[in-house]
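One letter stands for each residue in the lines below.
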Amino acid sequence: MSFLGIGGNQGAPSGGVNTDKIEMATEQLDMITDVYNRLVESCHTKCISQRYTEGDLNKGESVCIDRCVAKFFEVNKKVGQKLQSLGPGATGGAGGSAFGSI
């Protein structure tokens, strides 16, 4: 059985591609890509100087990025849990955290 229904014909008409699974996977990928882009933008703006003086992150920038990413995921998790506790209508059908249950 394939994740997208390509290898088998469960739920797919006549052994074809299951378009519902493809569509759902595409939506999930778009959502995760959006979260990733917001994470990068937010943490880059907060932690990295506008003037690049070195090729690598210095220790302060590295620590800031680590903390920023950890906080971002923690907030995302808490928001997802809160939306799930409010019920399916509160998330607009998206289903909570962009990363599922972390």
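Shown above is the structure to which this text applies.
Cut-off values and rules
Residues numbered from 1 in each chain as written. Predicted model: local features only at pLDDT ≥ 70, side-chain atom pairs only at ≥ 80, totals over all residues. Heavy atoms only, no water. Core = buried A, V, L, I, M, F, W, Y, C linked by side-chain atoms within 4.5 Å. Buried < 20%, exposed > 50% of the residue type's maximum accessible area, 1.4 Å probe, protein only. Helix = DSSP H or I, 4+ residues; strand = E, 2+ residues; numbered from the N terminus. Contact = heavy atoms within 4.5 Å. Lys, Arg positive; Asp, Glu negative; His and termini not counted. Salt bridge = Lys/Arg side-chain N within 4 Å of Asp/Glu carboxyl O. Axes fitted to C-alpha atoms, helices over the stretch in contact; angles between N-to-C directions. Parallel < 35°, antiparallel > 145°, perpendicular 65-115°, else oblique. Left-handed = near helix turned anticlockwise from the far one by under 90°. Nonpolar A, V, L, I, M, F, W, Y, C, P; charged D, E, K, R; others polar.

Chemist: Explain the nonpolar core to me, using residue names and the numbers behind them.
Modeler: One broad trend across soluble globular proteins is that nonpolar side chains are buried collectively. In this structure, Val35, Leu39, Cys43, Cys47, Ile48, Cys68 and Phe72 together form the largest nonpolar core, which totals seven residues. Mapped onto this core, the elements with two or more residues apiece are α1 (19–47) and α2 (59–86). By residue number, the principal contributor to this core is α1, which donates four residues. With residues up to four places along the chain from it excluded, the contact list for Phe72 reads Val35, Arg38 and Leu39.

Chemist: Tell me what's going on with the side chain of Glu61, and back it up with residues and numbers.
Modeler: Residue placement: Glu61 occurs in helix α2. The charged side chain of Glu61 is buried without a salt bridge, its nearest counter-charge being Arg51 at 11 Å. The contact partners of Glu61, leaving out residues within four places of it in the chain, are Cys47, Ile48, Ser49 and Asp56.

Chemist: Residue-level account of the packing of α1 against α2, with values.
Modeler: Between α1 and α2, whose axes approach to 9 Å, the crossing angle comes to 140 degrees. Taken as axis vectors, α1 and α2 run oblique relative to one another. Seen from above, α1 lies across α2 with right-handed handedness. Between α1 and α2, the residues in contact are Val35, Arg38, Leu39, Cys43, Lys46 and Cys47 and Glu61, Cys64, Ile65, Cys68, Val69, Phe72, Phe73 and Asn76, respectively. Grouping the constituent residues of the contact of α1 with α2 by class yields ten nonpolar, one polar and three charged.

Chemist: Requested: an account of the pattern of salt bridges, with residues and values cited.
Modeler: If the charged atoms of two oppositely charged side chains come close together, the side chains can form a pair. Counted under the stated rule, the structure contains one salt bridge. A salt bridge links Arg38 to Asp34, with the nearest nitrogen and oxygen atoms 3.2 Å apart. Of the two residues, Arg38 and Asp34 both sit in helix α1, four residues apart, roughly one turn of that helix. Under the relative-accessibility criterion, Asp34 is labelled partly exposed at 40%.

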